Amino acid sequence: MPRNRRPSPQMLKLLAALAGRAPQWWHGYELMKATGLLSGTVYPLLMRMTDQGLVEAEWRAPEQAGRPPRHAYRLTAKGVALARECAAVGSAPGGARFPA
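Residues numbered from 1 in each chain as written. Predicted model: local features only at pLDDT ≥ 70, side-chain atom pairs only at ≥ 80, totals over all residues. Heavy atoms only, no water.

**Notes on the overall build of the chain**
And step 1. From N to C terminus, the chain includes four helices and three strands.
And step 2. Seen in sequence order, the chain has helices and strands lined up from the N terminus as α-β-α-α-β-β-α.
And step 3. In the chain, which comprises 100 residues, the share counted as buried stands at 32%.
And step 4. Total accessible area computed for the chain in this model is approximately 6700 Å², and 53% of it derives from carbon and sulfur atoms. (Helix = DSSP H or I, 4+ residues; strand = E, 2+ residues; numbered from the N terminus. Buried < 20%, exposed > 50% of the residue type's maximum accessible area, 1.4 Å probe, protein only. Areas by Shrake-Rupley, 256 points an atom, 1.4 Å probe, with all protein chains shown as cover.)

**Topic: the packing of helix H2 (residues 28-35) against helix H3 (residues 39-51)**
And step 1. Running from N to C, H2 and H3 point in directions that differ by 120 degrees, and their axes come no closer than 10 Å. When the interaxial angle is binned, H2 and H3 end up oblique. Of the two elements, H2 crosses H3, and the hand of that crossing is right-handed. Where H2 abuts H3, its residues Gly28, Tyr29, Leu31, Met32 and Thr35 lie against Ser39, Val42, Tyr43 and Leu46. (Axes fitted to C-alpha atoms, helices over the stretch in contact; angles between N-to-C directions. Parallel < 35°, antiparallel > 145°, perpendicular 65-115°, else oblique. Left-handed = near helix turned anticlockwise from the far one by under 90°. Contact = heavy atoms within 4.5 Å.)

**Some words on the nonpolar core**
And step 1. Ranked by size, the top nonpolar core spans 22 residues in total, and within it Leu14, Leu15, Leu31, Met49 and Val55 carry the most contacts.
And step 2. Elements that contribute at least two residues to this core include exactly helix H1 (9-20), H2, H3, strand S3 (70-75) and helix H4 (77-89).
And step 3. Not counting residues up to four positions away in its chain, the partners in contact with Val55 are Leu18, Leu46, Met49, Thr50, Tyr73, Arg74, Leu75 and Thr76. (Core = buried A, V, L, I, M, F, W, Y, C linked by side-chain atoms within 4.5 Å.)

**Focus on the sheet that holds strand S2 (residues 55-60)**
And step 1. Spatial strand order, S1-S3-S2: three strands in an open sheet with antiparallel pairing. Looking at which strands have only one partner, the edges of the open sheet turn out to be strand S1 (26-27) and S2.
And step 2. Along the sheet face, H3 touches S2 and S3 and points at about 115 degrees away from the line of S2. (Pairing = 2+ DSSP bridges.)

**Here's the deal with the packing of H1 against H4**
And step 1. With their axes 10 Å apart at the nearest point, H1 and H4 run at an angle of 110 degrees to one another. It follows that H1 is roughly perpendicular to H4 by the angle criterion. Judged by the sense of rotation from one axis to the other, the crossing of H1 with H4 is left-handed. Only Gly79, Leu82, Ala83 and Cys86 of H4 make contact with H1, whose side of the interface consists of Met11, Leu12, Leu15 and Ala19.
And step 2. Partitioned by chemical class, the residues of the contact of H1 with H4 number seven nonpolar, one polar and no charged. (Nonpolar A, V, L, I, M, F, W, Y, C, P; charged D, E, K, R; others polar.)

**Thoughts on the pattern of salt bridges**
Pairing is possible between side chains of opposite charge, provided their charged atoms come close.
And step 1. Taken as a whole and judged by the stated rule, the model has three salt bridges.
And step 2. In this structure, the salt-bridge partner of Glu56 is Arg74, at a minimum N-O distance of 2.8 Å. Pair noted here: Glu56 is in strand S2 and Arg74 is in strand S3, with a separation of 18 residues, a long-range link.
And step 3. Glu56 sits in the partly exposed class, given a relative accessible area of 30%. (Salt bridge = Lys/Arg side-chain N within 4 Å of Asp/Glu carboxyl O.)

**A closer look at H2**
And step 1. Taken residue by residue, H2 has Gly28, Leu31, Met32 and Thr35 as its buried positions. Seen along its axis, H2 keeps its buried residues to an arc of 105 degrees; they face one direction. Away from its buried face, by an angle of more than 90 degrees, H2 presents the exposed residues Tyr29 and Lys33.
And step 2. The inward-facing, buried residues of H2 abut H1, S1, H3 and S3.
And step 3. Gly36 occupies a position one or two residues after H2 and carries a positive phi of about 80 degrees. (Arc of directions from axis to C-beta.)

Structure, rendered in structure tokens:
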């Protein structure tokens, strides 16, 4: 039976950042810069959110020759719905506001 608990403050920051540019793709490093969260927080959250169907991830070809491919992330329809629900309740911690 899945647990139904409120998103953590860190997850709210990620949702706000992802929703701010939906439906565009983000790289993890961009999300770290936008949210101020560390990689040890961002990547496990992105994996959990992907498992929950809130975020989709795909491998992207490198933009520069000699660089490795990277994952890119964006909200799914379920993720957008959760972001809207959270926006209706208020703003994310740290002053990040959800888009209308």
